[in-house]
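Below are the chains, spelled out letter by letter.
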Amino acid sequence: MEEKDINGLLEDELKRQFNELQTLDAGSEEQSRAVENVVKLYKAKIDEQKAVWDSEDSYDRRVMEVKQARERWIKLGIDAAGIVLPMIFYTIWTKAAFGFETNGYPSTMTTKELWHLIRPTKK
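Thresholds, definitions, all that
- Residues numbered from 1 in each chain as written.
- Predicted model: local features only at pLDDT ≥ 70, side-chain atom pairs only at ≥ 80, totals over all residues.
- Heavy atoms only, no water.
- Helix = DSSP H or I, 4+ residues; strand = E, 2+ residues; numbered from the N terminus.
- Buried < 20%, exposed > 50% of the residue type's maximum accessible area, 1.4 Å probe, protein only.
- Contact = heavy atoms within 4.5 Å.
- Areas by Shrake-Rupley, 256 points an atom, 1.4 Å probe, with all protein chains shown as cover.
- Salt bridge = Lys/Arg side-chain N within 4 Å of Asp/Glu carboxyl O.
- pLDDT = per-residue confidence, 0-100.
- Expected span 1.5 Å × (residues − 1).
- Patch = residues over 30% accessible without salt bridge, like charges linked within 9 Å, V, L, I, M, F, W, Y side chains within 5 Å.
- Lys, Arg positive; Asp, Glu negative; His and termini not counted.
- Charge placed at Lys NZ, Arg CZ, Asp CG, Glu CD.

A look at the overall build of the protein
Looking only at helices and strands, the protein has three helices and zero strands in total. In the protein, the order of α-helices and β-strands from amino to carboxyl end is α-α-α. For the protein, the residues scored as buried account for 11% of the 123 residues in total. Here the analysis covers contacts within the protein between residues at least 6 apart in sequence; of these, 52% occur between residues at least 24 apart. Carbon together with sulfur atoms contributes 60% to the accessible area of the protein, which is approximately 10,500 Å² in total.

Below is the structure:
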């Protein structure tokens, strides 16, 4: 036999209770108890549906938090690379410029004029 979920079982029981309710006499004690049972079953069905929706919402919320965390780490990595890479390039260029000056190739003025082009700055 195929297993049914709780909502399916509640639906089946509600249908059975409604069919039974139609056979009862109007205004009898049995009918009022049957109506109370139907109301309780509907409340249980609503609570079960709310639980399903809440679990779906919490899952969606966790997925969104993971995506946001991943985006924050990617942004942090890009920002760090934007700081570190120009500094590395600037250090290498400065060492090369001073190395050329010891050999007498470019003058200090040439190096100073080139520095404003390669200095790491945020635009």
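Next comes the rest of the account.
Description of the pattern of salt bridges
In the structure shown here, the tally under the stated rule is four salt bridges. For Glu11, the salt bridge goes to Lys45, with nearest N and O atoms at 2.0 Å. Taken together, the residues Glu11 in helix 1 (residues 6-23) and Lys45 in helix 2 (residues 29-103) connect sequence positions 34 residues apart. Note that Glu20 is salt-bridged to Arg16, the shortest N-O span being 3.0 Å.

What about the confidence of the model for the protein?
Of the residues in the protein, 75% reach a pLDDT of 70 or more, and the chain-wide mean stands at 78. Per-element averaging of pLDDT across the protein places helix 3 (residues 108-118) at the bottom with 63 and helix 2 at the top with 84.

Here we look at the side chain of Gln17
On the secondary structure map, Gln17 appears in helix 1. On the basis of relative accessible area, Gln17 is assigned to the buried category, the value being 8%. Ignoring any residue separated from it by four or fewer positions in sequence, one finds Gln17 in contact with Ala34, Asn37, Val38 and Leu41.

Comments concerning helix 1
Along its 18 residues, helix 1 runs 26 Å from first to last C-alpha, staying within 8% of the 26 Å computed at 1.5 Å per residue. Burial in helix 1 covers these residues: Asn7, Gly8, Leu10, Leu14, Gln17 and Leu21.

A look at a negative patch on the surface
Residues Asp25, Glu29, Glu30 and Glu36 make up a contiguous surface patch of negative charge. Here Glu29 is to be found in helix 2.

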